[in-house]
Amino acid sequence: MSDTSQRRGLYVKTWGCQMNVYDSVRMVDMLRPLGWRPVDSADAADMIVLNTCHIREKATEKLYSELGRLRADKEASGRKLLVAVTGCVAQAEGDEILRRAPVVDLVVGPQSYHRLPELIARTTREAGVKLVDTDFPADSKFDLLPQETEGQGTLAMLAVQEGCDKFCSFCVVPYTRGAESSRPAADVIAEAKRLLATGAREIVLLGQNVNAYHGTGPDGRTWNLARLLREVADLGVERLRYMTSHPRDMDDELIQAHRDIAALMPFLHLPVQSGSDQILNVMNRQHSAADYLRIIDKLRAARADLALSSDFIVGHPGETSADFDATMRLVEQVGFAAAYSFKYSTRPGTPAAALGMHIEESVKDERLARLQDAIARGASAFNQTTVGKVVPVLFDGAGRRPGQMHGRTPWLQAVHVTGPARLIGQIADVRIDAAHANSVSGTVVTADAVEAA
Ligand code: 5AD
Ligand code: SF4
């Protein structure tokens, strides 16, 4: 086992989705009892974990440039340093990482990071040994991970589901994260209780395809996400969210949960990817643009103030300008409060990579700029609708300017106010005074918070 008599510095750098952020939290938590203490910079670390993302080519390039920098640093300082690459690039590239980047000691996939302690111990014992573990073990890593030792604070993430069976043409997730699987509901509830006991006021249920959740309930029946949300809400959490969802799994019971569960925040991230039926079909999305709009209508009927966000890909193989126009129309029709948009990036091994009909980079650039413009207009129009309202804001940290605090509205807008640090961790009423491109600013009006200021 590791030498626990000495506390050593652990630096974790995370790229990509919320699931990776959650995995990083769990890794730190798991290594803490073994003497590893998180540090804020790579310079102060004895071990560096790079928790990677493989979703787009750029994300992979970032890993290799980081490894290049690390190698130079390590050689210049001559210090001992353990370097582990985890996450989806580790899964997809395996040994190749060791070949391309000799500074790396460990390569560990997202389904096997519970084995990190054992792998670290081996590299320490057998100096110079390099190890790759990209298995998909039969047992879920969640069963094998130790319970969290520290809470996450006010805002907590909780993985309930992992992997994906949808096989969208462009996406690596089904290959890097594996088949869709749901954690048993009792485990989720137990973890939610621990998060609440350590101060969580908002919990985000996470999964690559979270609304496909179908875990075994304590009653032996299969629970869907709507049921799970009800049970977690009943534990007394004040704010509840879930991401990321697929339109196909947005069933009526889940839609009604947005009407019935008070703690469920009125914001939903529901990727559509394209507004063209032709492209949605090539993407293997299993829904049309009209299906998506119907779901949005139902959601808004259940919860009138629901704000929506989405993901879009421009320049998927075969996308014509008419297809792109359909995406632009859908954006106007829905009126998203926020959205992420990406240029299609070829991922080796995915069906789209073999399609041909690739779109010129300059065309992708031009489409992306137009789409991002429309999204930005929608976001600022949405932010504008909240000006003058008094809304509950959960404060989660200090802003960039002195005396400035940062929080989130129920619609996930970033809010800045001038106020005391004791706001952090509190939910206070804020009057929204102004809307900006990516945030709003306001004034705290909750009586005790104002007095304390
Ligand atoms: N190219 C560009 N964007 C992609 N995404 C997933 N795969 C690719 C790819 N190959 C986007 C999708 C997804 C988000 C997380 O990343 O929009 O919803
Ligand atoms: Fe990828 Fe599609 Fe699964 Fe989302 S639903 S993770 S885009 S394959």
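Residues numbered from 1 in each chain as written. Chains lettered and ligands numbered in written order. Predicted model: local features only at pLDDT ≥ 70, side-chain atom pairs only at ≥ 80, totals over all residues. Heavy atoms only, no water.

In the nomenclature of an unreviewed UniProt entry, the chain corresponds to tRNA-2-methylthio-N(6)-dimethylallyladenosine synthase from the organism Roseiterribacter gracilis. Of the chain, the UniProt comment under Subunit (unreviewed entry) reads exactly: "Monomer." Taken from UniProt, the Catalytic activity (unreviewed entry) comment for the chain reads in full: "N(6)-dimethylallyladenosine(37) in tRNA + (sulfur carrier)-SH + AH2 + 2 S-adenosyl-L-methionine = 2-methylsulfanyl-N(6)-dimethylallyladenosine(37) in tRNA + (sulfur carrier)-H + 5'-deoxyadenosine + L-methionine + A + S-adenosyl-L-homocysteine + 2 H(+)". (UniProt positions renumbered as here; feature names shortened; annotations may be inferred.)

S.K.: So what exactly am I meant to see when it comes to helix α8 (residues 185-197) here?
M.R.: Residues that lie three or four places apart on an α-helix share one face, since the helix turns once every 3.6 residues. Taking 1.5 Å as the rise per residue, α8 with 13 residues should run 18 Å; its terminal C-alpha atoms sit 18 Å apart, in good agreement. If you check which residues of α8 are buried, you get Ala185, Val188, Ile189, Glu191, Ala192 and Leu195. All buried residues of α8 lie within an arc of 165° about the axis, which places them on one face of the element. Along α8, the residues that are exposed and aim more than 90 degrees away from the buried face are Lys193 and Ala197. Turning to α8, the residues buried within the fold contact α1 (18-31), β7 (155-159), β10 (202-206), β11 (214-216), β12 (222-224) and α9 (225-234). One or two residues past the end of α8 sits Gly199, with phi positive at roughly 100°. (Helix = DSSP H or I, 4+ residues; strand = E, 2+ residues; numbered from the N terminus. Expected span 1.5 Å × (residues − 1). Buried < 20%, exposed > 50% of the residue type's maximum accessible area, 1.4 Å probe, protein only. Arc of directions from axis to C-beta. Contact = heavy atoms within 4.5 Å.)

S.K.: Which parts of the structure should I look at to understand the pattern of salt bridges?
M.R.: When the charged atoms of two side chains with opposite charge come close together, those side chains can pair. For the coordinates displayed, the defined rule picks out 35 salt bridges. Ionic pairing is found between Arg115 and Asp135, a salt bridge with its closest N-O pair at 3.8 Å. Linking Arg115 in the loop between β5 (106-108) and α5 (116-125) with Asp135 in the loop between β6 (131-133) and α6 (141-144), this pair joins segments that are 20 residues apart in sequence. Residue Arg183 pairs with Glu191 through a salt bridge whose shortest N-O separation is 2.9 Å. As far as burial versus exposure is concerned, Arg183 and Glu191 are alike and both buried. Through salt bridges with shared partners, a single ionic network connects Asp23, Lys141, Glu162 and Arg177. (Salt bridge = Lys/Arg side-chain N within 4 Å of Asp/Glu carboxyl O.)

S.K.: Explain the sheet that holds β7 here, please?
M.R.: Strand pairing in a sheet relies on backbone hydrogen bonds, with the paired strands running either antiparallel or parallel. The strand order β7-β10-β13 describes an open sheet built from three strands, whose pairing is parallel. Only two strands of the sheet have a single neighbouring strand rather than two, namely β7 and β13 (239-243). For this sheet, the mean angle separating the axes of adjacent strands, direction not counted, is 20°. Pairing of β10 with β13 involves five bridges; the strand directions are parallel. Note on β13: the bridge partner recorded for Ile203 is Leu240. Those strands touched by α1 are β7, β10 and β13, and its axis lies near 100° from that of β7. Docked against the sheet, α9 engages β10 and β13, running at close to 155° with respect to β13. (Pairing = 2+ DSSP bridges. Axes fitted to C-alpha atoms, helices over the stretch in contact; angles between N-to-C directions.)

S.K.: Help me out: how do you make sense of the nonpolar core in this one?
M.R.: In globular proteins that are soluble, nonpolar side chains generally tend to be buried together. Ile203, Leu205, Leu228, Leu240 and Tyr242 are the most contacted members of the largest nonpolar core, which has 55 residues in total. In terms of nonpolar packing, the next biggest core, distinct from the first, is built from 27 residues, Leu34, Met47, Ala84 and Phe142 among them. (Core = buried A, V, L, I, M, F, W, Y, C linked by side-chain atoms within 4.5 Å.)

S.K.: Is there a simple way to think about the packing of aromatic side chains in this case?
M.R.: Two aromatic rings, taken as a pair, are described by how far apart their centres are and by the angle between their planes. For the structure shown, the criterion picks out four aromatic pairs. Considering the side-chain rings of Phe167 and Tyr175, the 5.6 Å spacing of their centres and the 70° angle between planes classify their relative orientation as edge-to-face. Relative accessible area serves as the criterion here: at 36%, Tyr175 is assigned to the partly exposed category. Aromatic pair Tyr292 and Phe336: ring centres 6.5 Å apart, planes at 40°, arrangement tilted. Taken together, the residues Tyr292 in helix α12 (residues 289-302) and Phe336 in the loop between α13 (321-334) and β16 (338-343) connect sequence positions 44 residues apart. You'll find Tyr292 and Phe336 in the same group, each marked buried. Within the aromatic cluster, the residues linked to one another by ring pairs are Tyr292, Phe312 and Phe336. One residue, Arg56, lies across the ring of Phe342, its end atom 3.6 Å from the ring centre. Here the basic side chain of Arg183 rests over the ring of Phe142, its NZ or CZ set 4.4 Å away from the ring centre. (Phe/Tyr/Trp six-rings, centres within 6.5 Å; stacked < 30°, edge-to-face > 60°. Lys NZ or Arg CZ within 6 Å of the ring centre and 35° of its normal.)

S.K.: Please explain the domain arrangement of the chain as it appears in this structure.
M.R.: Accessible area lost during the coming together of the parts is what is often quoted as the interface size. When the domains of the chain are assigned, the result is domain 1 (8-133), domain 2 (143-384) and domain 3 (390-452). Of note, the centres of domain 2 and domain 3, computed from C-alpha atoms alone, are 26 Å apart. Contact residues are listed per partner, giving 17 residues for domain 2 and 20 residues for domain 3. Between domain 2 and domain 3, roughly 1,400 Å² of surface is buried when both sides are summed, and carbon and sulfur atoms account for 58% of that area. (Domains from an automatic or database assignment. Buried area = accessible area lost by both parts, 1.4 Å probe.)

S.K.: Could you clarify how one ought to interpret the packing of helix α10 (residues 252-260) against α12 in this entry?
M.R.: When two helices pack together, their arrangement is given by the angle between the helix axes and the distance between those axes. At a minimum axis separation of 7 Å, α10 and α12 run at an interaxial angle of 35°. Classified by chirality, the crossing of α12 by α10 is right-handed. Here Asp252, Ile255, Gln256, His258 and Arg259 of α10 lie close against α12, whose contacting residues are Ile295, Lys298, Leu299 and Ala302. Each residue belonging to the contact of α10 with α12 can be placed in one class, and the counts come to four nonpolar, two polar and three charged. (Left-handed = near helix turned anticlockwise from the far one by under 90°. Nonpolar A, V, L, I, M, F, W, Y, C, P; charged D, E, K, R; others polar.)

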